[in-house]
Amino acid sequence: MNDGVAPAQPVRHRDTSVNGWSAVHLSNDRIDLTVVPGKGADITSLRDRATETELLWSTRWGLRPPTALAPPGNPEAEALDRSGGGWHTLFPNAGRQCVEQGVEWGFHGEAWLAPYESEPTAGGLHLRTTLARSPFTVVKDIVLDGDRVSVTETVTQIGAHPVDVMWWQHPTFGAPLIGPDTTVSVTDCAVHPDMPDDVPDTRQPPRGPEHRPPRAERVDLSRLTAAGAGVSRLAFLGGFAAEQVRAEIRNPALGLGVDVEWLAGDFPYACYWYEAGGRLGYPWYGATHGFSIEPATGYPSGLARARALTGTEVTLQPGETMSKTVSVRVVSLPMR
């Protein structure tokens, strides 16, 4: 067993289930956490114990049982059918599907769908899987320490030649944390637009929180809005002014916030995704309200596009091991 490092507060472990999936419930005096090892080692729930508030977002259809049949569809649809929301590992691809090494790497890659073996540690949970469509083992160490949850992912390249990857962590937050009173503050950075037509943007990117989407009016990324407001945002943050990056998400009306923290050396970019009823067709149909800051090794969406448009792919050599960590801290605020 990997005993890990003893946390400041004892971590309690309990076997449970989520819609037919075996799950592990972790808790200390500050937070509750639920992990589903068989479905990507997803964190499906993060709750503030003092207020019994769920902080993570769930898809409107929820995590489907492992026996549920998915109707045929394109790679994005088939992957999203299996998504229940929460906090995912996106590896070795993130976003749009692509063909790599002679096989399709689907939407958001394989790690968020793979089954993991798990064992408890003093601080949380140790999980491990071997991917099928790419030559990698993936280890996840989830640690609770007071008001903070840290996810450390370690990948090892077990193939015989170099392989390019894209690697994101994908924590997504929902109501009531996300709402018209919510503000977002990120370490000083540049804001790059998405490239929907696969044409590189040649303009000097603005500094956050200003965002200049293609063919649209400027947006202030520091303010969120109400559900159903008809808003969709996608931007990529980079060029951080400090090695320690922090995204502070605050809802003073709720008296709660979260900090998403990582090192720029691990993840030089981040995807900013916000959906508040702006996408009327599949998959959200105007009925979703979720927000994520996703620490990322490259951009835009999809490894093939990152390689072609920005040169931000990561290459792992045979036998190479690489680790990266993202933390989420639950913050109590004075009630407004």
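All values reported here derive from a predicted model rather than from experimental measurement. (Residues numbered from 1 in each chain as written. Predicted model: local features only at pLDDT ≥ 70, side-chain atom pairs only at ≥ 80, totals over all residues. Heavy atoms only, no water.)

(A) Geometry of the packing of aromatic side chains. The tally for this structure, following the rule as stated, stands at 14 aromatic pairs. Through pairs of rings, three or more aromatic residues link up here, namely W57, W61, W273 and W284. Sitting over the ring of W167, K324 keeps its end group 5.3 Å from the ring centre. Just above the ring of F267 sits the side chain of K324; from NZ or CZ to the centre is 5.6 Å. (Phe/Tyr/Trp six-rings, centres within 6.5 Å; stacked < 30°, edge-to-face > 60°. Lys NZ or Arg CZ within 6 Å of the ring centre and 35° of its normal.)

(B) Structural detail: the sheet that holds strand β21 (residues 256-263). Here we have 8 strands laid out as an open sheet, ordered β9-β10-β11-β12-β25-β21-β20-β15, and antiparallel in their pairing. Here the strands that pair on one side only, and so sit at the sheet edges, are β9 (117-120) and β15 (183-186). On average, adjacent strands in this sheet sit at an angle of 15° to one another, irrespective of strand direction. Where strand β12 (residues 148-157) and strand β25 (residues 321-332) come together, 9 bridges link them in antiparallel fashion. Pairing of T154 across the sheet is with S323, part of β25. (Pairing = 2+ DSSP bridges. Helix = DSSP H or I, 4+ residues; strand = E, 2+ residues; numbered from the N terminus. Axes fitted to C-alpha atoms, helices over the stretch in contact; angles between N-to-C directions.)

(C) Main features of the pairing of strand β2 (residues 21-27). Burial analysis of β2 places 6 of its 7 residues in the buried class, the great majority of the element. For strand β1 (residues 12-18) and β2, the ladder comprises 7 bridges, and the chain directions are antiparallel. Across the sheet, the residue bridging to H13 is L26, located in β2. Remark: 2 residues form the turn of the hairpin made by β1 and β2, two consecutive strands paired antiparallel; N19 in that turn has positive phi of roughly 50°. Sheet topology note: the β2/strand β3 (residues 31-36) ladder contains 4 bridges and is antiparallel. Across the sheet, residue L26 finds its bridge partner in β3, namely L33. In this antiparallel pair of consecutive strands, β2 and β3, the connection spans 3 residues. (Buried < 20%, exposed > 50% of the residue type's maximum accessible area, 1.4 Å probe, protein only.)

Read these as layout, nothing more, since geometry by itself doesn't imply function.
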